[in-house]
Amino acid sequence: MQERIDHSAESIGLRKLVLYRDVVLTEAGEAPARPARRASVAAVIRNPWVGSGPSADLALEQGRIAPVLAKLLTDRLIASLGGVEEIESFGKAAIVGAAGEIEHAGALIHTPYFGNLVREFLQGESIICFADTRAEAGETLVVPLWHKTRASTRSHYQTISARVSDAPRADEIVVIAAASTGPRPHPRIGDRMTDPVVTTQSLEAVPS
Amino acid sequence: MSIRKIVTVVEEIRIEGGRPVDRPARVAVVAAVIQNPWAGQGFVEDLAPGIDGHASDLGALLAPAVLDALEAPAEAYGKAAIVGLDGEIEHGSALIHTLKFGDHFRKAANATTLLPAVEKRGPAGVVFDIPLKHITDATIRSHHQTVEVRISDAPHPDEIVIALAAAAQGRPQQRLAPLTTEQ
């Protein structure tokens, strides 16, 4: 598998990489029990399908480009968060420039050529949650994250903002992978195991 | 000192002007979001005690962190103070325009020049540009550059974002004649 991934950034028209990482030391005035590091890595590439029209077959380029992005982005994420075993939650996103289709963003993040490889590189099992949009350069996209092996782990539902000041240009796509080393700063909204049964019927019994 | 969060941004440019950059151009920023030391005190005439209590610690925290994020020797550098809406720009300036703050970065980067700076006031999520110049000769044109930063939830009205920026090189595809050619 590794041998078949083309690592050449030039081959995918990579213009720029932007890493954003934060760590919360205090939230609402108190230190989190487990301070989590969160990071997003954004790659700005040329949109290979600009001007190709809605009947164009996306398969060839997505199979060529998406695996390179999956390796590149996860390598940077892992390095910035202190190792793959540190990573507990993950997410993905894409912003397509104005001359492209949202389908082009989807082609790069919603197929096994990206998703399966990101999951494998980050040693996850969950479906990867996502955001995508078409926007001008400098637009902020909020990227959702959830737990990489147990997606319904409520403490790990969180987001991180990703933004590249001068991308995407109209003929570019920004592809993003994001991850966190832990939960929200003060998670305390229970979980599926602690929830009461809530139905319209049960709520009728609650005085309003 | 109360720090809410620390943010790191690293940009790496591979292609500029349609051509590959010889060596990927790297710029790093590390920002600390802190409680404004003078928040809620009305007009404070003497800022010196607050400066003494914060500036050196901030410099000592941010200088090694930004060089670490850059993963290369710094050739250009800059600094920023972004004050939340309830504070004065003077509060931000107080924390970064003192040798107590900047000398940590100069020493760590073997630098000698003044750090160029941005000071502004704005809401959380405000975009700010940090100017950078060469670390030993501020007239070297190839290294005049800026890096853009945004933290989605900072500064709150009673906070200040203090940041340092470092670049491992000048602008990608820099090709302006040096200042001396015009003198």
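Note that the structure is predicted; figures quoted are calculated from it, not measured.

**Comments concerning the overall build of chain A**
When its secondary structure is counted, chain A shows 4 helices and 7 strands. Reading chain A from its N terminus to its C terminus gives the helix and strand order β-β-α-β-α-α-β-β-β-β-α. Expressed as lengths along the three principal axes of its C-alpha atoms, the size of chain A is roughly 60 × 40 × 35 Å. For chain A, the residues scored as buried account for 43% of the 208 residues in total. Sequence-distant contacts, at least 24 apart, represent 76% of the contacts inside chain A between residues at least 6 apart.

**With respect to unusual backbone geometry**
Of the consecutive residues A:A167 and A:P168, the connecting peptide bond is found in the cis state with omega at 0°. Along the chain, A:P168 falls in the loop between strand 6 (158–162) and strand 7 (172–180). A cis amide bond links B:A154 with the next residue in sequence, B:P155, at an omega value of 0°. Even without being a glycine, A:Q123 presents a positive backbone phi close to 55°. For A:Q123, the location among the structural elements is in the loop between helix 3 (115–121) and strand 4 (129–134). Its 13 C-beta neighbours within 10 Å are what place A:Q123 among the partly exposed residues. Backbone geometry at B:E71 places phi at a positive 55°, although glycine is not the residue there. The class for B:E71 is exposed, based on 12 C-beta atoms found within 10 Å.

**Observations concerning the interface of chain A and chain B**
Facing 19 residues of chain A, the contacting portion of chain B comprises 18 residues. At 11 residues, the largest contribution of residues to the side of chain A that touches chain B is made by strand 1 (residues 14–24) of chain A. Split by residue class, the side of chain A that touches chain B holds 9 nonpolar, 4 polar and 6 charged. Of the strand pairs in this sheet, strand 1 of chain A and strand 1 (residues 3–16) of chain B are connected by 9 bridges, and their pairing is antiparallel. From the neighbouring strand, A:V23 faces strand 1 of chain B, where its bridge partner is B:I6.

**Overview of the pairing of strand 3 (residues 89–96) of chain A**
Residue and element names in this part refer to chain A. Counting buried positions along strand 3 gives 8 out of 8 residues, so the element sits mostly inside the fold. Neither face of strand 3 is open: one carries S89, G91, A93 and I95, the other F90, K92, A94 and V96, and all of them are buried. Both strand 3 and strand 5 (residues 141–147) contribute to a ladder of 2 bridges, which runs antiparallel. Across the sheet, the residue bridging to S89 is H147, located in strand 5. As defined by bridge partners, strand 3 adjoins strand 7 across 8 bridges and the pair is classed as antiparallel. Note on strand 7: the bridge partner recorded for F90 is A179. Pairing analysis gives 6 bridges linking strand 3 to strand 4, with the strands arranged parallel. Paired with A94 across the bridge in strand 4 is D132.

**So, the packing of helix 1 (residues 48–70) of chain B against helix 3 (residues 99–109) of chain B**
Residues and elements named next belong to chain B. Where helix 1 meets helix 3, the closest approach of the two axes is 7 Å, and the angle between their N-to-C directions is 25°. By the angle between their axes, helix 1 is roughly parallel relative to helix 3. When the axes of helix 1 and helix 3 are compared, the crossing they make is right-handed. In contact with I51, A55, S56, L58, G59, A60, A63, P64 and L67 of helix 1, helix 3 contributes K100, F101, G102, D103, H104, F105, A108 and A109. Per-class residue counts for the contact of helix 1 with helix 3 are 11 nonpolar, 4 polar and 2 charged.

**What about the environment of B:F43?**
All names here are of chain B. Here F43 shows up in the loop between strand 2 (19–35) and helix 1. According to the C-beta neighbour criterion, F43 is exposed, with 7 such atoms within 10 Å. For the pair formed by F43 and D129, sequence separation is 86 residues and the distance between their alpha carbons is 28 Å.

**Points about the environment of B:A166**
Residue and element names in this part refer to chain B. Structurally, the position occupied by A166 is in strand 7 (residues 159–167). Residue classification places A166 among the buried positions, given that 30 C-beta atoms sit within 10 Å. Distance in space between the C-alpha atoms of A166 and L132 is 7.4 Å, their sequence separation being 34 residues. Contacts of A166, omitting those with residues within four sequence positions, involve A28, V66, L67, L70, A74, Y77 and A109.

**As for the confidence of the model for chain B**
Overall, the predicted model of chain B reaches an average pLDDT of 97, with 100% of residues at or above 70. Interface scoring of the predicted complex returns ipTM 0.95; its pTM is 0.94.

Thresholds applied
Residues numbered from 1 in each chain as written. Chains lettered and ligands numbered in written order. Predicted model: local features only at pLDDT ≥ 70, side-chain atom pairs only at ≥ 80, totals over all residues. Helix = DSSP H or I, 4+ residues; strand = E, 2+ residues; numbered from the N terminus. Buried ≥ 20, exposed ≤ 12 C-beta atoms within 10 Å, placed from the backbone. Contact = placed C-beta atoms within 7 Å. Nonpolar A, V, L, I, M, F, W, Y, C, P; charged D, E, K, R; others polar. Pairing = 2+ DSSP bridges. Axes fitted to C-alpha atoms, helices over the stretch in contact; angles between N-to-C directions. Parallel < 35°, antiparallel > 145°, perpendicular 65-115°, else oblique. Left-handed = near helix turned anticlockwise from the far one by under 90°. pLDDT = per-residue confidence, 0-100.

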